[in-house]
Amino acid sequence: GNSVTQMEGPVTLSEEAFLTINCTYTATGYPSLFWYVQYPGEGLQLLLKATKADDKGSNKGFEATYRKETTSFHLEKGSVQVSDSAVYFCALSRQGAQKLVFGQGTRLTINP
Amino acid sequence: DAGVIQSPRHEVTEMGQEVTLRCKPISGHDYLFWYRQTMMRGLELLIYFNNNVPIDDSGMPEDRFSAKMPNASFSTLKIQPSEPRDSAVYFCASSPWTGPGNTEAFFGQGTRLTVV
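Reading the values: rules and limits
- Residues numbered from 1 in each chain as written.
- Chains lettered and ligands numbered in written order.
- Predicted model: local features only at pLDDT ≥ 70, side-chain atom pairs only at ≥ 80, totals over all residues.
- Heavy atoms only, no water.
- Helix = DSSP H or I, 4+ residues; strand = E, 2+ residues; numbered from the N terminus.
- Buried < 20%, exposed > 50% of the residue type's maximum accessible area, 1.4 Å probe, protein only.
- Areas by Shrake-Rupley, 256 points an atom, 1.4 Å probe, with all protein chains shown as cover.
- Lys, Arg positive; Asp, Glu negative; His and termini not counted.
- Charge placed at Lys NZ, Arg CZ, Asp CG, Glu CD.
- Contact = heavy atoms within 4.5 Å.
- Buried area = accessible area lost by both parts, 1.4 Å probe.
- Salt bridge = Lys/Arg side-chain N within 4 Å of Asp/Glu carboxyl O.
- Polar contact = N/O pair within 3.5 Å; in protein donor to acceptor, adjacent residues only side chain to side chain.
- Pairing = 2+ DSSP bridges.
- Axes fitted to C-alpha atoms, helices over the stretch in contact; angles between N-to-C directions.

Draft legend 1. The overall build of chain A, seen in detail. Across its full length, chain A carries zero helices and 12 strands. Expressed along its principal axes, the backbone C-alpha trace of chain A runs to roughly 45 × 25 × 20 Å. For chain A, the residues scored as buried account for 44% of the 112 residues in total. When the accessible surface of chain A is summed, it comes to about 5200 Å², and 46% of that surface belongs to carbon and sulfur atoms. Both charge centroids of chain A, one from 10 positive and one from 10 negative side chains, sit 10 Å from each other.

Okay, structure coming up:
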(Lines give C-alpha, C1' and ligand atoms only; values in the text may rest on other atoms or scores of the structure.)
Protein backbone atom coordinates (compact mmCIF):
# COMPACT_ATOMS: atom_id res chain seq x y z
CA GLY A 1 0.00 0.00 0.00
CA ASN A 2 0.89 3.66 0.08
CA SER A 3 2.67 4.93 3.16
CA VAL A 4 4.91 7.69 4.46
CA THR A 5 7.60 7.36 7.11
CA GLN A 6 9.07 10.37 8.86
CA MET A 7 11.95 10.67 11.24
CA GLU A 8 10.91 10.32 14.84
CA GLY A 9 10.59 13.45 16.89
CA PRO A 10 10.68 15.57 18.79
CA VAL A 11 13.48 17.60 17.27
CA THR A 12 14.95 20.48 19.26
CA LEU A 13 17.34 22.96 17.70
CA SER A 14 18.80 26.36 18.46
CA GLU A 15 17.88 29.38 16.41
CA GLU A 16 19.86 29.68 13.14
CA ALA A 17 20.67 25.97 13.09
CA PHE A 18 20.33 23.86 9.95
CA LEU A 19 17.24 21.68 9.79
CA THR A 20 16.64 18.35 8.12
CA ILE A 21 13.52 16.25 8.65
CA ASN A 22 13.68 12.96 6.80
CA CYS A 23 10.75 11.55 4.89
CA THR A 24 10.56 8.38 2.79
CA TYR A 25 7.57 6.95 1.01
CA THR A 26 6.17 3.79 -0.48
CA ALA A 27 3.77 4.12 -3.37
CA THR A 28 2.85 2.66 -6.71
CA GLY A 29 3.25 4.80 -9.74
CA TYR A 30 4.24 8.44 -9.44
CA PRO A 31 2.75 10.09 -6.39
CA SER A 32 2.75 13.79 -5.60
CA LEU A 33 4.59 14.71 -2.40
CA PHE A 34 3.82 17.38 0.16
CA TRP A 35 4.98 18.94 3.39
CA TYR A 36 2.30 20.35 5.68
CA VAL A 37 2.89 22.34 8.87
CA GLN A 38 0.67 22.52 11.94
CA TYR A 39 1.10 25.40 14.37
CA PRO A 40 -0.25 25.00 17.93
CA GLY A 41 -4.02 24.95 18.07
CA GLU A 42 -4.45 25.17 14.31
CA GLY A 43 -5.16 22.95 11.35
CA LEU A 44 -2.56 21.86 8.85
CA GLN A 45 -1.29 24.26 6.18
CA LEU A 46 0.46 23.35 2.97
CA LEU A 47 4.13 24.31 3.18
CA LEU A 48 5.42 23.03 -0.15
CA LYS A 49 4.87 20.34 -2.74
CA ALA A 50 6.46 18.52 -5.67
CA THR A 51 4.53 16.62 -8.29
CA LYS A 52 7.23 14.78 -10.23
CA ALA A 53 10.71 13.35 -9.82
CA ASP A 54 13.56 15.86 -9.34
CA ASP A 55 11.12 18.70 -8.68
CA LYS A 56 12.08 20.97 -5.79
CA GLY A 57 9.37 22.53 -3.70
CA SER A 58 10.21 25.64 -1.71
CA ASN A 59 8.48 28.12 0.56
CA LYS A 60 9.44 30.38 3.49
CA GLY A 61 13.06 29.22 3.30
CA PHE A 62 12.12 25.53 3.40
CA GLU A 63 13.02 23.20 0.55
CA ALA A 64 12.43 19.57 -0.37
CA THR A 65 13.45 17.64 -3.49
CA TYR A 66 11.48 14.71 -4.90
CA ARG A 67 14.02 11.86 -5.15
CA LYS A 68 12.49 8.89 -6.90
CA GLU A 69 15.65 6.80 -6.75
CA THR A 70 15.69 6.94 -2.96
CA THR A 71 11.89 7.41 -2.55
CA SER A 72 12.58 10.39 -0.34
CA PHE A 73 11.36 13.96 0.16
CA HIS A 74 13.48 15.38 2.99
CA LEU A 75 12.63 18.81 4.35
CA GLU A 76 15.49 21.28 4.85
CA LYS A 77 15.99 24.83 6.02
CA GLY A 78 19.31 26.59 6.28
CA SER A 79 18.60 28.75 9.33
CA VAL A 80 15.60 28.08 11.52
CA GLN A 81 13.73 30.63 13.62
CA VAL A 82 11.73 30.33 16.81
CA SER A 83 8.60 30.91 14.74
CA ASP A 84 9.29 27.65 12.85
CA SER A 85 8.36 25.67 15.96
CA ALA A 86 5.48 23.44 14.85
CA VAL A 87 4.62 19.91 13.82
CA TYR A 88 5.63 18.99 10.27
CA PHE A 89 3.87 16.32 8.23
CA CYS A 90 5.09 14.65 5.08
CA ALA A 91 2.32 13.38 2.81
CA LEU A 92 1.66 11.84 -0.57
CA SER A 93 -1.24 11.56 -2.93
CA ARG A 94 -1.27 8.60 -5.22
CA GLN A 95 -1.29 9.20 -8.93
CA GLY A 96 -4.86 9.76 -10.03
CA ALA A 97 -6.23 10.04 -6.49
CA GLN A 98 -7.12 13.03 -4.39
CA LYS A 99 -6.75 11.70 -0.89
CA LEU A 100 -3.60 12.42 1.11
CA VAL A 101 -1.66 9.84 3.11
CA PHE A 102 0.23 11.46 5.98
CA GLY A 103 3.29 10.50 7.95
CA GLN A 104 3.20 10.52 11.74
CA GLY A 105 4.42 14.09 12.03
CA THR A 106 7.62 15.49 13.53
CA ARG A 107 7.44 18.02 16.34
CA LEU A 108 10.06 20.74 15.95
CA THR A 109 11.03 23.11 18.74
CA ILE A 110 13.42 25.98 18.14
CA ASN A 111 15.03 27.58 21.17
CA PRO A 112 16.24 31.21 21.09
CA ASP B 1 -12.88 33.57 1.85
CA ALA B 2 -13.04 32.65 5.53
CA GLY B 3 -11.46 29.25 4.97
CA VAL B 4 -12.82 25.93 6.16
CA ILE B 5 -15.08 26.48 9.15
CA GLN B 6 -15.65 23.80 11.73
CA SER B 7 -17.96 23.80 14.71
CA PRO B 8 -17.84 23.40 17.57
CA ARG B 9 -14.17 24.03 18.37
CA HIS B 10 -14.44 22.00 21.56
CA GLU B 11 -16.95 19.35 22.58
CA VAL B 12 -17.13 17.47 25.84
CA THR B 13 -19.75 14.76 26.06
CA GLU B 14 -20.60 11.74 28.12
CA MET B 15 -20.10 8.22 26.89
CA GLY B 16 -23.16 6.98 25.01
CA GLN B 17 -24.26 10.39 23.80
CA GLU B 18 -24.59 11.37 20.17
CA VAL B 19 -22.05 13.86 18.85
CA THR B 20 -22.33 15.84 15.62
CA LEU B 21 -19.40 17.72 14.15
CA ARG B 22 -19.98 20.28 11.43
CA CYS B 23 -17.96 21.60 8.53
CA LYS B 24 -18.37 24.33 5.95
CA PRO B 25 -15.83 23.88 3.14
CA ILE B 26 -14.35 26.64 1.02
CA SER B 27 -16.78 27.69 -1.68
CA GLY B 28 -16.01 26.10 -5.04
CA HIS B 29 -13.96 23.23 -3.68
CA ASP B 30 -14.86 19.85 -5.13
CA TYR B 31 -13.48 17.61 -2.39
CA LEU B 32 -14.15 17.39 1.32
CA PHE B 33 -12.17 15.25 3.74
CA TRP B 34 -12.69 14.24 7.37
CA TYR B 35 -9.55 13.37 9.37
CA ARG B 36 -9.00 12.29 12.96
CA GLN B 37 -5.81 13.12 14.85
CA THR B 38 -4.61 11.31 17.96
CA MET B 39 -1.23 10.98 19.63
CA MET B 40 -1.22 7.22 19.14
CA ARG B 41 -2.42 6.95 15.53
CA GLY B 42 -1.46 10.31 14.07
CA LEU B 43 -3.61 11.74 11.29
CA GLU B 44 -6.11 9.28 9.81
CA LEU B 45 -8.42 9.84 6.86
CA LEU B 46 -11.94 8.79 7.82
CA ILE B 47 -13.90 9.58 4.67
CA TYR B 48 -13.86 11.89 1.69
CA PHE B 49 -16.45 13.28 -0.71
CA ASN B 50 -16.30 14.46 -4.30
CA ASN B 51 -19.10 16.77 -5.37
CA ASN B 52 -21.10 15.74 -2.28
CA VAL B 53 -20.79 12.02 -3.04
CA PRO B 54 -18.84 9.76 -0.63
CA ILE B 55 -15.90 8.26 -2.50
CA ASP B 56 -13.93 6.39 0.13
CA ASP B 57 -15.18 5.62 3.63
CA SER B 58 -12.72 2.82 4.32
CA GLY B 59 -11.22 4.79 7.19
CA MET B 60 -14.45 5.08 9.15
CA PRO B 61 -13.67 3.05 12.26
CA GLU B 62 -17.03 1.38 12.75
CA ASP B 63 -20.77 1.71 12.30
CA ARG B 64 -21.01 4.21 15.11
CA PHE B 65 -19.50 6.75 12.74
CA SER B 66 -21.42 8.28 9.85
CA ALA B 67 -20.84 11.26 7.58
CA LYS B 68 -23.08 13.18 5.25
CA MET B 69 -22.75 15.99 2.77
CA PRO B 70 -26.25 17.15 1.87
CA ASN B 71 -24.97 20.03 -0.25
CA ALA B 72 -21.76 21.62 -1.44
CA SER B 73 -21.47 23.93 1.55
CA PHE B 74 -22.07 21.65 4.49
CA SER B 75 -20.98 18.32 5.92
CA THR B 76 -21.47 16.50 9.20
CA LEU B 77 -19.65 13.74 11.01
CA LYS B 78 -21.79 11.95 13.57
CA ILE B 79 -20.77 9.52 16.29
CA GLN B 80 -23.56 7.56 17.93
CA PRO B 81 -23.06 6.32 20.57
CA SER B 82 -19.79 7.99 21.53
CA GLU B 83 -17.06 6.21 23.49
CA PRO B 84 -14.00 7.50 25.37
CA ARG B 85 -11.69 6.08 22.69
CA ASP B 86 -13.29 8.48 20.19
CA SER B 87 -11.60 11.37 21.98
CA ALA B 88 -9.44 13.12 19.39
CA VAL B 89 -9.16 16.23 17.25
CA TYR B 90 -11.32 15.93 14.15
CA PHE B 91 -10.33 17.95 11.12
CA CYS B 92 -12.30 18.81 8.05
CA ALA B 93 -10.44 19.81 4.91
CA SER B 94 -11.48 20.82 1.41
CA SER B 95 -9.66 20.82 -1.88
CA PRO B 96 -10.25 22.13 -5.37
CA TRP B 97 -9.71 20.00 -8.43
CA THR B 98 -6.48 21.20 -10.09
CA GLY B 99 -5.31 18.00 -11.74
CA PRO B 100 -4.82 14.35 -10.84
CA GLY B 101 -2.86 13.90 -7.61
CA ASN B 102 -2.32 17.62 -7.25
CA THR B 103 -4.09 17.84 -3.91
CA GLU B 104 -3.75 21.01 -1.91
CA ALA B 105 -6.01 20.47 1.05
CA PHE B 106 -7.14 23.42 3.16
CA PHE B 107 -7.79 22.45 6.76
CA GLY B 108 -10.16 23.84 9.32
CA GLN B 109 -9.02 24.52 12.87
CA GLY B 110 -10.45 21.24 14.08
CA THR B 111 -12.90 20.10 16.73
CA ARG B 112 -11.39 18.75 19.92
CA LEU B 113 -13.73 16.02 21.15
CA THR B 114 -13.51 14.65 24.67
CA VAL B 115 -15.75 11.75 25.63
CA VAL B 116 -15.89 11.13 29.38
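Read on, since the account is not over.
Draft legend 2. Up close: the interface of chain A and chain B. Listed as interface residues are 21 residues of chain A and, on the opposing side, 27 residues of chain B. Both sides of the chain A and chain B interface together cover about 1800 Å² of buried area, and 48% of this is carbon and sulfur. For chain A, the biggest contributors to the area lost against chain B are Leu44(A), Gln98(A) and Lys99(A); these three give 36% of the whole. Our enumeration of links across chain A and chain B arrives at one salt bridge. The partner of Lys99(A) in a salt bridge is Asp56(B), and the shortest N-O contact between them spans 2.6 Å. At the junction of chain A with chain B, the criterion picks out five residue pairs in polar contact (both at pLDDT 80 or more).

Draft legend 3. Structural context of the sheet that holds strand β8 (residues 62–65) of chain A. Residues and elements named next belong to chain A. In space, the four strands of this open sheet follow the order β3-β9-β8-β7, with antiparallel pairing throughout. At either margin of the open sheet sits one strand with a lone partner, and together these are β3 (19–21) and β7 (56–59). Sheet twist, expressed as the average angle between the axes of neighbouring strands with direction ignored, equals 15°. Note that β3 and strand β9 (residues 75–77) share three bridges and pair antiparallel. Along β9, the bridge assignment pairs Thr20 with Glu76.

Draft legend 4. Structural detail: the sheet that holds strand β7 (residues 65–71) of chain B. Residues and elements named next belong to chain B. Spatial strand order, β1-β3-β8-β7: four strands in an open sheet with antiparallel pairing. Either end of the sheet is taken by a strand with one partner, and the two such strands are β1 (5–7) and β7. Each adjacent strand pair in this sheet contributes to an overall mean axis angle of 15°, direction not counted. Both strand β3 (residues 19–24) and strand β8 (residues 74–79) contribute to a ladder of five bridges, which runs antiparallel. Looking at the pairing, Thr20 lines up with Lys78 of β8.

Draft legend 5. Region of the structure containing the pairing of strand β10 (residues 86–93) of chain A. All names here are of chain A. Burial analysis of β10 places eight of its eight residues in the buried class, which makes it a mostly covered element. Here β10 shows two buried faces, one formed by Ala86, Tyr88, Cys90 and Leu92 and the other by Val87, Phe89, Ala91 and Ser93. Across seven bridges, strand β5 (residues 32–38) lies against β10 in antiparallel orientation. Residue pairing in the sheet places Trp35 in a bridge with Cys90 of β10. In terms of strand pairing, β10 meets strand β12 (residues 106–111) through three bridges, oriented antiparallel. Counterpart to Val87 in the pairing with β12 is Arg107. As judged from the three bridges shared by β10 and strand β11 (residues 100–102), these two strands associate in the antiparallel manner. Within β11, the position partnered with Ala91 by the bridge is Phe102.

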